[in-house]
Amino acid sequence: MKKEQQLDLYYQMVLIRRLEERGAELYQAGKIGGFMHLYIGQEAVSTGLIAAREERDRVITAYRDHGVAVNCGISANEVMAELLGKATGMSKGKGGSMHMADVSKNMWGGHAIVGGHLPIASGFAIGDQYAGNDNITICMFGDGATNIGYFHEALNISKIWNLRVLWVCENNQYGMGTAVDRASAVTEIRQKAEGYGMKNGQVDGMDVTKVYEAAAEAMKYVRESSQPYLLEIDTYRFRGHSMGDPERYRKQEEVKKWQENDPIGIFNKQLLDKKVATKKVLDEIEARVEEEVAKAVEFAEASPEPAMEELFTDIYAD
Amino acid sequence: MAKITMREAISQALMEEMDRDPKVFIMGEEVGVWGGTYAVTKGFYDKYGAARVKDTPIAENAIIGGAIGAAMVGQRPIAELMTINFGFSAMDYIVNQASKLHYMFGGQFTLPMVIRAVGGGGRQLGATHSQTPDAIFAHFPGLKVVSPGTPEDAKGLLKSAIRSNDPILFIEHATMYQVRGEVPEGEYTIPIGKSKIQRAGKDVTIVTYCKGLELSMKAADELSKQGIEVEVVDLRTLRPLDMEPVIESFKKTNRAVVVEEGWKSYGVGSEIVSRIYEEAFDYVDAPIIRVAQKEVPLPYNRTLEQAALPQVADITAAVKEVLK
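Residues numbered from 1 in each chain as written. Chains lettered and ligands numbered in written order. Predicted model: local features only at pLDDT ≥ 70, side-chain atom pairs only at ≥ 80, totals over all residues. Heavy atoms only, no water.

Focus on the interface of chain A and chain B
Basically, it comes down to this: Residue contacts follow a heavy-atom distance rule, with two residues in contact if any of their heavy atoms lie within 4.5 Å. By definition, the buried area sums, over both parts, the 1.4 Å-probe accessible area that each loses when the two are put together. Only one rule defines a salt bridge in this text: a Lys or Arg side-chain nitrogen within 4 Å of an Asp or Glu carboxyl oxygen. A 3.5 Å cut-off defines polar contacts: any pair of N or O atoms within that distance qualifies, except that in protein one atom must be a possible hydrogen donor and the other a possible acceptor, and neighbouring residues in sequence count only when both atoms are side-chain atoms. Segments assigned H or I by DSSP are reported as helices when at least four residues long, segments assigned E as strands when at least two residues long, and all are numbered from the N terminus. Charged residues are taken to be Asp, Glu, Lys and Arg, nonpolar residues to be Ala, Val, Leu, Ile, Met, Phe, Trp, Tyr, Cys and Pro, and polar residues to be all remaining types, Gly included.
Opposite the 43 residues of chain A that make contact, chain B presents 45 residues. Taken together, the two surfaces of chain A and chain B that pack against each other cover about 3400 Å², and 63% of this comes from carbon and sulfur. Of all residues in chain A, Tyr130, Glu153 and Tyr316 of chain A give up the largest surface area on contact with chain B, accounting jointly for 22% of the area buried on that side. Here chain A is connected to chain B by zero salt bridges. Where chain A touches chain B, the interface holds 21 residue pairs in polar contact (both at pLDDT 80 or more). In terms of residue count, helix 5 (residues 117-131) of chain A provides more of the side of chain A that touches chain B than any other element does, eleven residues in total. Residue classes in the side of chain A that touches chain B are distributed as 20 nonpolar, 14 polar and nine charged.

Shown next as structure tokens:
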């Protein structure tokens, strides 16, 4: 990766972190409703992954989607506006935290039913294959989604129909509050791809450089072989499953241990050690992010509520 | 006008639209090499090839979810559910995805897709393969539910459904593929969301659709011989529901019977009766009667099965009852 790109990835990771920290405050203040699932701790996963995609490649993910939205190029303003349910959000305030999408950025959501978007991702690839397009689909999901039937139907059809899908399992060790070994017959999720004769790999998700390299290699394979691939990315969420999680299922020591491997801290150190950037440069990035997030909150708060007519628009296209 | 079967009408609609628009393709269980479980797509595989007539695994989530994804990225898939009963396996895709995605993402993408599903009882297939759960699917805003009762309507409505930019559940009846009817020569479509008077009359309004239409038209013939002229209104589309012809007819006859094959409780009839009371209460001369399936899982035994399903005699009796 070139220096500029590395600094850009650092900027994206810090932006996701700060945006969500502010989001959590606004949630506590009652300005954001519904469910909100924070990506804090997992920033290196989507940042490294999306950095390796080409713009024509489609991205679809689960409900922990704010980070993916930012990585796909959706502005902090729009993310914050959608969180606040404002008319200026990408989905006009009708989707909320779990349904962030911007088709113009090839970000196809934000899907709230666990595993539900996997067959839809296969569908993207079916559509692209039918149309003769040469792009790929990148489908992200959690470890919890690999225990539901949708996962298996989607992986199976992607293999028998030679669909260009990169399946990306973000293994953050828990499906809500249930640890992987309590919910999944195999704790190494990538093994599930073996049952479908599908090539697979695994990478440390706390190191954005490693994620980027593994993702680039996996995407090259999918693109060139017209075969699906399952990439397992091991990571950890520092916050609860969603806002208001009592976290009875894990010990604070475990969280602390993972927090010592903070993906932003790791990358910060790498950039300094390899002399890609000075502390001053990284501090400047942090300051830029602070300002951007403050402006995003301002923008979202000043944005109008959706018009009442919006209640009855977009139910049908015809 | 040519007289063709329901099967031929549906098959013609599919073929004409596939010839017309290369974005249209079919996917489902046994639609290709086998030729379709009800032989609707017989010959399609040879004509269009495996890319346009896709044989899927028995995996309803992959079928409907796959169609949703392909539609979102601009194709016009027709997904086939071998029976509507298997739609319950894909309920998440029909209810949580197809019906919601356009709205939930602020209209960012459309879902131009059709789900063809075969429903209905009367073929001794037992309780799990014989249901008429149309009302369940019609409950959800965002989905359109079409269920024709004549070959003419089946062809015209299916062509409209394939051209529509919305997700449409198109429900056919397992015992009606051999039903024959006049179909216009050449190209035509029929708009979705329009009810139709299939038979004019002055004494009682029968509101029905799909299999209920076949039964109601027979009942109307019998009643006519006895001097009772019923008007038969065919809903054709359950959502969006077009009540105008129903209300108009009711204001004339002041009496109605609603006929459906599904269960009576929480059914299509319940909705129609409520709407008539809401919109034309002052015109009511007699309590409206619902003719529907008995409240049991359908049994295999032919006699018991027929006893559970609505019959022509149930309709004629109901019409006489509302005329008392």
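So much for the structure itself; the text now carries on.
Some remarks on a nonpolar patch on the surface
Residue and element names in this part refer to chain A. So the rule is basically this: A residue counts toward a patch only above 30% relative accessible area and without a salt bridge, and it is joined to like-charged neighbours within 9 Å or, for Val, Leu, Ile, Met, Phe, Trp and Tyr, to nonpolar neighbours within 5 Å. Residue exposure ignores everything except the shown protein chains as possible cover, and the areas themselves are Shrake-Rupley values with a 1.4 Å probe. Summary of the burial criterion: residues with accessible area below 20% of their type's maximum are buried, those above 50% are exposed, and those between are partly exposed, where the area comes from a 1.4 Å probe applied to protein chains only.
Side chains of Met308, Leu311 and Phe312 sit close together on the surface and give an oily, nonpolar patch of about 400 Å² of accessible area. Its location among the elements puts methionine 308 in the segment after helix 12 (279-302). Accessibility expressed as a relative area gives 67% for methionine 308, which makes it exposed.

Some remarks on the domain arrangement of chain B
All names here are of chain B. Here is the rule we go by: Domain start and stop points were drawn from an automatic or database domain assignment.
When its domains are assigned, chain B resolves into domain 1 (2-183) and domain 2 (196-323). Using C-alpha coordinates to define each centre, domain 1 is positioned 26 Å away from domain 2. Contacts between domain 1 and domain 2 engage 32 residues on the former and 28 residues on the latter. Summed over both partners, the interface of domain 1 with domain 2 buries about 2200 Å², with 53% contributed by carbon and sulfur atoms. In terms of surface lost to domain 2, no three residues of domain 1 exceed Gln124, Thr132 and Ser147, which account for 24% of the buried area on that side. Here domain 1 and domain 2 share one salt bridge between them.

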